[in-house]
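# Structural overview
Below, each chain spelled out in residue letters.
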Amino acid sequence: MWLGPNSSSWSEANIAKGARIACEERSPKLDGYELVPARSIAAPVDRTAELEAQVDYVIVTLMSERLIERDPAWAGAREVYERFAGRHERVAEFLGRGVDYSGRDIRIFRIAR
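Keep in mind it's a predicted model, so treat the numbers as computed, not measured.

Rules behind the numbers
Residues numbered from 1 in each chain as written. Predicted model: local features only at pLDDT ≥ 70, side-chain atom pairs only at ≥ 80, totals over all residues. Heavy atoms only, no water. Helix = DSSP H or I, 4+ residues; strand = E, 2+ residues; numbered from the N terminus. Buried < 20%, exposed > 50% of the residue type's maximum accessible area, 1.4 Å probe, protein only. Contact = heavy atoms within 4.5 Å. pLDDT = per-residue confidence, 0-100.

### Brief notes about the overall build of the chain
- A count of helices and strands for the chain gives 4 helices and 6 strands.
- Listing the helices and strands of the chain from first to last along the sequence gives β-α-β-β-α-β-α-α-β-β.
- Within the span of the chain, comprising 113 residues, buried residues form 46% of the whole.
- When contacts within the chain are restricted to residue pairs at least 6 apart in sequence, those whose partners lie at least 24 apart make up 58%.

Rendered as C-alpha coordinates:
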(Lines give C-alpha, C1' and ligand atoms only; values in the text may rest on other atoms or scores of the structure.)
Protein backbone atom coordinates (compact mmCIF):
# COMPACT_ATOMS: atom_id res chain seq x y z
CA MET A 1 0.00 0.00 0.00
CA TRP A 2 1.34 3.41 -0.92
CA LEU A 3 0.93 6.33 1.45
CA GLY A 4 1.48 9.74 -0.01
CA PRO A 5 0.30 13.29 -0.41
CA ASN A 6 -1.40 13.24 -3.79
CA SER A 7 -4.29 10.86 -4.39
CA SER A 8 -5.07 12.22 -7.88
CA SER A 9 -1.52 11.62 -9.11
CA TRP A 10 -1.46 8.15 -7.54
CA SER A 11 -4.75 7.23 -9.23
CA GLU A 12 -3.56 8.43 -12.62
CA ALA A 13 -0.34 6.43 -12.30
CA ASN A 14 -1.89 3.23 -10.93
CA ILE A 15 -5.45 2.88 -12.22
CA ALA A 16 -6.00 2.20 -15.93
CA LYS A 17 -7.82 4.94 -17.81
CA GLY A 18 -11.43 4.02 -18.39
CA ALA A 19 -11.74 2.09 -15.13
CA ARG A 20 -15.06 2.42 -13.34
CA ILE A 21 -14.63 4.17 -10.00
CA ALA A 22 -17.27 4.87 -7.34
CA CYS A 23 -16.44 8.12 -5.55
CA GLU A 24 -17.81 9.24 -2.22
CA GLU A 25 -18.36 12.95 -1.70
CA ARG A 26 -15.24 15.09 -1.70
CA SER A 27 -13.23 12.49 -3.58
CA PRO A 28 -10.31 13.83 -5.62
CA LYS A 29 -11.09 15.11 -9.09
CA LEU A 30 -10.19 12.52 -11.72
CA ASP A 31 -10.29 12.68 -15.52
CA GLY A 32 -10.36 9.77 -17.94
CA TYR A 33 -12.38 7.40 -15.74
CA GLU A 34 -16.00 6.31 -15.64
CA LEU A 35 -17.04 7.86 -12.33
CA VAL A 36 -20.03 6.72 -10.30
CA PRO A 37 -20.88 9.34 -7.68
CA ALA A 38 -22.06 8.12 -4.28
CA ARG A 39 -22.52 10.44 -1.33
CA SER A 40 -21.63 7.45 0.83
CA ILE A 41 -21.35 3.74 0.13
CA ALA A 42 -22.57 2.96 3.66
CA ALA A 43 -25.31 5.41 4.73
CA PRO A 44 -28.07 6.21 4.97
CA VAL A 45 -28.45 3.06 2.82
CA ASP A 46 -25.85 0.31 2.37
CA ARG A 47 -24.92 0.59 -1.34
CA THR A 48 -21.90 -1.71 -1.22
CA ALA A 49 -23.41 -4.67 -3.10
CA GLU A 50 -24.78 -2.40 -5.84
CA LEU A 51 -21.45 -0.62 -6.31
CA GLU A 52 -19.37 -3.80 -6.07
CA ALA A 53 -21.28 -5.10 -9.10
CA GLN A 54 -20.74 -1.88 -11.09
CA VAL A 55 -17.19 -0.66 -10.47
CA ASP A 56 -13.53 -1.66 -10.40
CA TYR A 57 -12.46 0.70 -7.58
CA VAL A 58 -14.10 2.65 -4.77
CA ILE A 59 -12.74 5.88 -3.32
CA VAL A 60 -13.89 6.19 0.28
CA THR A 61 -13.76 9.56 2.05
CA LEU A 62 -16.23 9.16 4.90
CA MET A 63 -14.99 5.99 6.61
CA SER A 64 -13.31 7.85 9.48
CA GLU A 65 -15.56 10.88 9.75
CA ARG A 66 -17.05 11.87 13.09
CA LEU A 67 -20.40 12.15 11.30
CA ILE A 68 -20.68 8.38 11.57
CA GLU A 69 -20.69 8.58 15.36
CA ARG A 70 -22.87 11.66 15.89
CA ASP A 71 -25.68 11.43 13.31
CA PRO A 72 -28.41 8.81 13.92
CA ALA A 73 -28.97 8.53 10.15
CA TRP A 74 -25.52 6.94 9.99
CA ALA A 75 -26.21 4.23 12.60
CA GLY A 76 -24.51 1.04 11.45
CA ALA A 77 -22.32 2.77 8.86
CA ARG A 78 -19.07 1.92 10.65
CA GLU A 79 -19.90 -1.79 10.45
CA VAL A 80 -20.77 -1.48 6.75
CA TYR A 81 -17.42 0.20 6.04
CA GLU A 82 -15.53 -2.43 8.06
CA ARG A 83 -17.22 -5.33 6.22
CA PHE A 84 -16.52 -3.63 2.89
CA ALA A 85 -12.85 -3.11 3.80
CA GLY A 86 -12.59 -6.77 4.79
CA ARG A 87 -13.78 -7.93 1.36
CA HIS A 88 -11.57 -5.74 -0.84
CA GLU A 89 -7.93 -4.76 -1.19
CA ARG A 90 -7.01 -1.30 0.05
CA VAL A 91 -4.50 -0.23 -2.59
CA ALA A 92 -3.80 3.28 -1.30
CA GLU A 93 -4.45 5.51 1.67
CA PHE A 94 -3.95 9.25 1.98
CA LEU A 95 -4.29 10.76 5.43
CA GLY A 96 -6.10 14.09 5.64
CA ARG A 97 -3.10 16.22 6.40
CA GLY A 98 -1.46 17.02 3.08
CA VAL A 99 -4.16 15.52 0.89
CA ASP A 100 -4.45 17.55 -2.28
CA TYR A 101 -8.22 17.87 -2.46
CA SER A 102 -10.47 17.50 0.57
CA GLY A 103 -8.46 17.31 3.75
CA ARG A 104 -10.29 14.07 4.58
CA ASP A 105 -8.70 10.67 4.81
CA ILE A 106 -8.96 9.01 1.40
CA ARG A 107 -8.87 5.25 0.94
CA ILE A 108 -8.87 3.56 -2.45
CA PHE A 109 -10.10 -0.03 -2.68
CA ARG A 110 -9.80 -2.42 -5.63
CA ILE A 111 -12.96 -4.51 -5.89
CA ALA A 112 -12.24 -8.21 -5.53
CA ARG A 113 -13.65 -10.30 -8.37
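### What to know about the confidence of the model for the chain
- Summing up the model confidence of the chain, the mean pLDDT is 85 and the portion of residues at 70 or higher is 87%.
- Taking the mean pLDDT of every element in the chain, the minimum, 38, falls on strand β1 (residues 2-3) and the maximum, 97, on helix α2 (residues 48-54).

### Structural notes on unusual backbone geometry
- The linkage connecting A43 with the following residue, P44, adopts the cis geometry, with an omega of 0°.
- Tracing the backbone shows P44 in the loop between β3 (34-37) and α2.
- Of note in this structure, R26 is not a glycine but carries a positive phi near 65°.
- Looking at the element boundaries, R26 is found in the loop between β2 (20-23) and β3.
- Judged by its relative accessible area of 48%, R26 is partly exposed.

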